Amino acid sequence: MNVMCVVTPPGQGGIAVVRLLGTSAEEVFSPFFSRRGRPGSSSTRIQGRLSYGKILDGDRVVDEVVVCRRSREDIDICLHGGVVPVDRFRELMSRSGVEEVALPVFRLHLWRSQGYHSLRAEAAAALSFAGGVEAVRLLARPRSDAFELAVRKRIRQVVRAMRETGDVRPEWGEELQNWEDRLARSRRILLSRKVVLTGATNGGKSTLFNALSGLDRVVVSPEPGTTRDAIEWGVDWNGFHLHLVDTAGHGEPRSQPDQLALRRTREEVQSADVIVAVFDGAGPSRSMDPGFLDSAAKIPLVEVVSKSDLESHRGVLKERQKRGRSPVSVSSHTGEGLSDLIARVLEAGDLVSPQAGEKENSVEPWPISARQSRELSRARGAFASGSLSGLLGSFRALLQGVPDFQDPIFCPRGALFSERET
Ligand SMILES: Nc1nc2c(ncn2[C@@H]2O[C@H](COP(=O)(O)OP(=O)(O)O)[C@@H](O)[C@H]2O)c(=O)[nH]1
Ligand SMILES: [Mg+2]
């Protein structure tokens, strides 16, 4: 199979580089190429690493080009950068059966052509989309080969079992479970977690959001109901990419916009990975609406008592402690308690650097995409129904498939491609 990709950015430019990759890249390209000085010459061979010449479509000159030949299977064609010659060349290649792919997919083919195991190539292709240092570390780890080797070994065993016993082996189920566990850990690292601030109006959520995000973006005021839209911002804490969300406070809705704002808050709270419940340190005049938190009881929660610089804060803190809670005291004005809060949020989201905090007997994460995860669940289904051919099919698909670049590991929330959020 041959693929091509325009590797220079789109738009008008001096040159456009199209890269061709595939087992017959040179054979496909050569018939359209003629060296300079011999128009129409039959000598179409690309000579050496660099050749200057013309791309011809029959008698028509498509463009004058420089061809850089890395190997028979990997060729750059430097065209003039305008849209017309590039489109003509594309058309010429696609007529010859070359498939045009997007840059991330092209990178995947490139990694694979350079001998990377296919799962590692997939991780490498995701690298440029990684949000946070921990995600980069995980994707760049050579350990990603371990998964591929494990799957290949299993494929061999399944093939043997098909010839011999015709039965699935019970220990394969345990291994599938182990892979699922690694998947769960890797998703926590690769996907941006959503941290939602919620609580009564005027509790200091927006001020806290500003302090935590390092922004001065959200309007803060003593007037209740200042925040209506949920506002999001990406933060990097200890190498983990998180998405911080400020929401409208719980309070008596007095208008339709208030009601809409409340509904939005409820949605944000229910889709959070970690909830930060802010209790107003200025006093218990407006309390947290418990309905909000009850509806999201399964989501990890960190309690905060705000405004620790005020006298009244102590009373509120004691009150929460009496109820058996252990809130973090913070002051967004002085910065007190902010780093404790960050640590508590990371802990609640189970975000511990695999290097630093590796617990005994916890599984090492393997980078894995949603595509691979789907094949894994298919494999589990096949295992449960004792189907060897089903198992074989999903294991093979796991290794051979091309990732979908809408996959969240390629566009974690808030990373480069947030408009393609999944
Ligand atoms: N003293 C003190 N006041 C604060 C602190 N955080 C917020 N406030 C004040 O509390 C009021 C409400 O803050 P805001 O962030 O808008 O609350 P929200 O409605 O929960 O978003 C504003 O007047 C802030 O200046 C704090 O840490 N200390
Ligand atoms: Mg607010």
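Note that this is a predicted model, so its numbers are computed, not measured.

What follows is about the overall build of the protein chain. Helix and strand counts for the protein chain come out as 14 helices and 13 strands. Counting only residues that meet the buried cut, the protein chain has 36% of its 422 residues in that class. Taking as baseline every contact in the protein chain between residues at least 6 positions apart, the subset at least 24 positions apart corresponds to 64%.

Relative to strand S4 (residues 50-57), strand S3 (residues 33-35) runs antiparallel, the two sharing three bridges. Of the residues in S4, the one forming a bridge with Phe33 is Ile55. Of the strand pairs in this sheet, S4 and strand S5 (residues 60-71) are connected by eight bridges, and their pairing is antiparallel. Opposite Ile55, over in S5, you have Asp63 as the bridge partner. Connecting S4 to the antiparallel partner S5 that follows it, the hairpin turn spans two residues, and Gly58 within it adopts a positive phi of roughly 65 degrees.

Further remarks concern the sheet that holds strand S10 (residues 240-246). Strand order in the open sheet made by the six strands is S9-S10-S8-S11-S12-S13, with mixed pairing throughout. Across the chains shown, the open sheet's two edge strands, defined by having one partner strand only, are strand S9 (231-237) and strand S13 (328-329). Two strands pair when backbone bridges link them, and strand S12 (residues 301-305) and S13 are joined in this way by two bridges, in the parallel orientation. Residue pairing in the sheet places Val305 in a bridge with Ser329 of S13. Its contacts with the sheet place helix H8 (residues 205-213) against strand S8 (193-199), S9, S10 and strand S11 (274-279), and it is angled at close to 155 degrees to S10.

Averaged over every residue, the pLDDT of the protein chain is 84; the share at 70 or more is 86%. The lowest-confidence element of the protein chain is helix H10 (residues 290-294), averaging 76 in pLDDT; the highest-confidence one is S13, averaging 97. Below pLDDT 50 for its whole length, residues 414-422 participates in 20 contacts with residues either more than four positions away or in separate chains.

Buried within helix H5 (residues 133-140) we find Glu134, Ala135, Leu138 and Leu139. Considered in projection along H5, the buried side chains sweep an arc of 130 degrees and stay on one side of the axis. Lining the buried residues of H5 we find helix H4 (118-126), helix H7 (170-190) and S10.

Before going further, it helps to examine the sheet that holds strand S2 (residues 15-22). The seven strands are arranged S3-S4-S5-S6-S2-S1-S7 in an open sheet whose pairing can be described as mixed. Since the sheet does not close on itself, it has two edges, and those belong to S3 and strand S7 (99-100), each with one partner. The strands touched by helix H2 (residues 83-95) within the sheet are strand S1 (2-6), S2, S4, S5, strand S6 (74-80) and S7, with S5 carrying the most contacts at an inclination of about 70 degrees. Across the sheet, helix H3 (residues 103-113) is in contact with S1 and S2; its angle to S1 comes to roughly 130 degrees.

This paragraph deals with the packing of H7 against helix H13 (residues 370-384). It is at 10 Å that the axes of H7 and H13 come closest, and there the two elements cross at 160 degrees. In terms of their interaxial angle, H7 and H13 are classed as roughly antiparallel. Judged by the sense of rotation from one axis to the other, the crossing of H7 with H13 is left-handed. Contacts between H7 and H13 pair Trp172, Gly173, Leu176, Trp179, Glu180 and Leu183 from the former with Ser373, Leu376, Ala379, Arg380 and Phe383 from the latter. Class assignment for the residues of the contact of H7 with H13 results in seven nonpolar, two polar and two charged.

Ala126, Ala135, Leu139, Leu190, Leu391 and Phe395 are the most contacted members of the largest nonpolar core, which totals 32 residues. Of all elements in the fold, only H4, H5, helix H6 (144-163), H7, H13 and helix H14 (388-400) reach the threshold of two or more residues within this core. Every residue in contact with Ala135, bar those within four places of it in the chain, is listed here: Ala130, Ile189, Leu190 and His241.

Turning to the packing of H5 against H7, a few remarks are in order. H7 packs onto H5 with a crossing angle of 135 degrees between their chain directions and a minimal axis gap of 8 Å. Classified by the interaxial angle, the pair formed by H5 and H7 is oblique. Where H5 approaches H7, its residues Glu134, Ala135 and Leu138 are matched on the opposing element by Ser186, Ile189 and Leu190. Class assignment for the residues of the contact of H5 with H7 results in four nonpolar, one polar and one charged.

What counts as what
Throughout, residues of each chain are indexed from 1 in the direction in which the sequence is written. Note on labels: chains are lettered from A, ligands numbered from 1, in written order. With pLDDT at 70 or above as the cut-off, local features in this predicted model cover only qualifying residues; side-chain atom pairs require 80 or more to be listed or tallied, and sums for whole chains, interfaces and linings still use all residues. Secondary structure elements are taken from DSSP: a helix is a run of H or I of four residues or more, a strand is a run of E of two residues or more, and numbering for both begins at the N terminus. Partly exposed residues are those falling between the two cut-offs: more than 12 but fewer than 20 other C-beta atoms within 10 Å of their own, whereas 20 or more means buried and 12 or fewer means exposed, with C-beta atoms placed from the backbone. The contact criterion used is a C-beta to C-beta distance within 7 Å, with each C-beta placed from the backbone. Two strands qualify as a pair provided DSSP detects at least 2 bridges between them. Only C-alpha atoms enter the line fits that serve as axes; for helices the fit covers just the stretch in contact. Angles between N-to-C directions range over 0 to 180 degrees. Each residue carries a pLDDT score, the predictor's own confidence in it, on a scale running from 0 to 100. An arc is given here, and it is the one of the directions from the helix axis to the C-beta atoms. We call two directions roughly parallel when the angle between them is under 35 degrees, roughly antiparallel when it is over 145, roughly perpendicular when it lies between 65 and 115, and oblique otherwise. By convention, the crossing between two helices is left-handed when the near helix turns anticlockwise from the far helix through less than a right angle, and right-handed when the turn is clockwise. Just so you know the grouping, Ala, Val, Leu, Ile, Met, Phe, Trp, Tyr, Cys and Pro go in nonpolar, Asp, Glu, Lys and Arg go in charged, and all remaining residues, Gly too, go in polar. Remark: nonpolar core denotes a set of buried Ala, Val, Leu, Ile, Met, Phe, Trp, Tyr and Cys residues whose joining runs through C-beta atoms within 7 Å.

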